[in-house]
Amino acid sequence: AGGYPVQVVLQTHLHAGFARTINGLATVHEVGVKCATPTWSEEVPDLDRWSDVGDQTAQLIYGHVYPKLRRRMRELHPVLDNIMFGHAYGRLLSRPGLDLRVRELCVIAMLMGLNAPPQLTSHLRGALRVGATEAEVRTVIAQTSTTFGEEAQAQSDATLVKVMNGSVGQARS
């Protein structure tokens, strides 16, 4: 289902939007990385399956706060809930070709530049829950500072310290 670069860029639309994802995939193709012939199971639309797999993936990432998160998303809007858990977590983040630990590290890299502290907090926790080490998370933060700047790095470092010390409340998503 495509190499790592294709998988990483494909999930980018969740945080950066379709325009940037289209441009990113075009760049990946230009350097010679192409998506394999589609063979993954979600190419045959199966909304129930995507929802079930999305629930499982989100439970791994969010742990014991998953039920609270799910209630919150439904309160905000039922369509948002369906998009988040069926599409984002089911269809995209559960895809083969890239393990969940690497996907979460990529999400952290994206969130650093979006000034979205609740989501960054949640995904820092999620990355650690699905097997990322503190050293891997710190490496992502250090490397993405070249794109998003020192202020984003400092905020991300401070958020990670709070996560590691357990001194932040549970984030919304």
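What you see is a predicted model; the values in this text were computed from it and never measured.

### Points about the layout of surface pockets
By volume, the largest pocket amounts to about 370 Å³. Lining the largest pocket are 17 residues; nearest its centre among them are L14, H15, L80, M84 and A88. If you list the elements that add at least two residues to the lining of the largest pocket, you get α1 (4-16), α5 (78-92) and α7 (117-129). For the lining of the largest pocket, the residue count by class is 11 nonpolar, 6 polar and no charged.

### Side note on helix α2 (residues 18-30)
It helps to recall that an α-helix has 3.6 residues per turn; residues three or four apart then point in one direction. End to end, α2 covers 18 Å across 13 residues, agreeing with the expected 18 Å (1.5 Å per residue, within 8%). Inspection of α2 places T21, G24 and V28 among the buried residues, and these make up the whole buried set. An end-on view of α2 places all buried positions within 65 degrees of arc, on one side of the element. Exposed residues on α2 whose side chains face more than 90 degrees from its buried face are A19, I22, N23 and E30.

### Thoughts on helix α4 (residues 66-76)
Turning to α4, its buried residues number three or more, namely Y66, L69, R70 and M73. The buried residues of α4 occupy an angular sector of 100 degrees when projected down its axis, which confines them to one face. For α4, exposure combined with an orientation more than 90 degrees from the buried face picks out K68 and E75. Of the surrounding secondary structure, the elements contacted by the buried residues of α4 are α3 (47-62) and α5.

### Things to note about the packing of aromatic side chains
On inspection of all chains with the given rule, the structure shows 3 aromatic pairs. Considering the side-chain rings of Y66 and F85, the 5.7 Å spacing of their centres and the 90 degrees angle between planes classify their relative orientation as edge-to-face. Here F85 lies in helix α5 and Y66 lies in helix α4, a separation of 19 residues in the sequence. Given a relative accessible area of 8%, Y66 falls into the buried group. The exposure class of F85 is buried, given its relative accessible area of 0%. Here the aromatic cluster, defined as three or more aromatic residues joined through ring pairs, consists of Y62, Y66, F85 and Y89.

### Comments concerning the packing of helix α8 (residues 134-148) against helix α9 (residues 150-165)
α9 packs onto α8 with a crossing angle of 160 degrees between their chain directions and a minimal axis gap of 8 Å. Here α9 runs roughly antiparallel to α8, going by the angle between their axes. For α8 against α9, the interelement crossing comes out right-handed. Of the residues in α9, those touching α8 at E134, V137, R138, I141, A142, S145 and F148 are E150, A152, Q153, S156, D157, L160, V161 and M164. In terms of residue class, the contact of α8 with α9 is made up of 8 nonpolar, 3 polar and 4 charged.

What counts as what
Residues numbered from 1 in each chain as written. Predicted model: local features only at pLDDT ≥ 70, side-chain atom pairs only at ≥ 80, totals over all residues. Heavy atoms only, no water. 1 Å grid on protein atoms, 1.4 Å probe; cavity = no way out; pocket = protein on both sides within 12 Å on 5 of 7 lines; lining within 4 Å. Points joined across faces, edges and corners; volume = space filled by probe spheres on them. Helix = DSSP H or I, 4+ residues; strand = E, 2+ residues; numbered from the N terminus. Nonpolar A, V, L, I, M, F, W, Y, C, P; charged D, E, K, R; others polar. Expected span 1.5 Å × (residues − 1). Buried < 20%, exposed > 50% of the residue type's maximum accessible area, 1.4 Å probe, protein only. Arc of directions from axis to C-beta. Contact = heavy atoms within 4.5 Å. Phe/Tyr/Trp six-rings, centres within 6.5 Å; stacked < 30°, edge-to-face > 60°. Axes fitted to C-alpha atoms, helices over the stretch in contact; angles between N-to-C directions. Parallel < 35°, antiparallel > 145°, perpendicular 65-115°, else oblique. Left-handed = near helix turned anticlockwise from the far one by under 90°.

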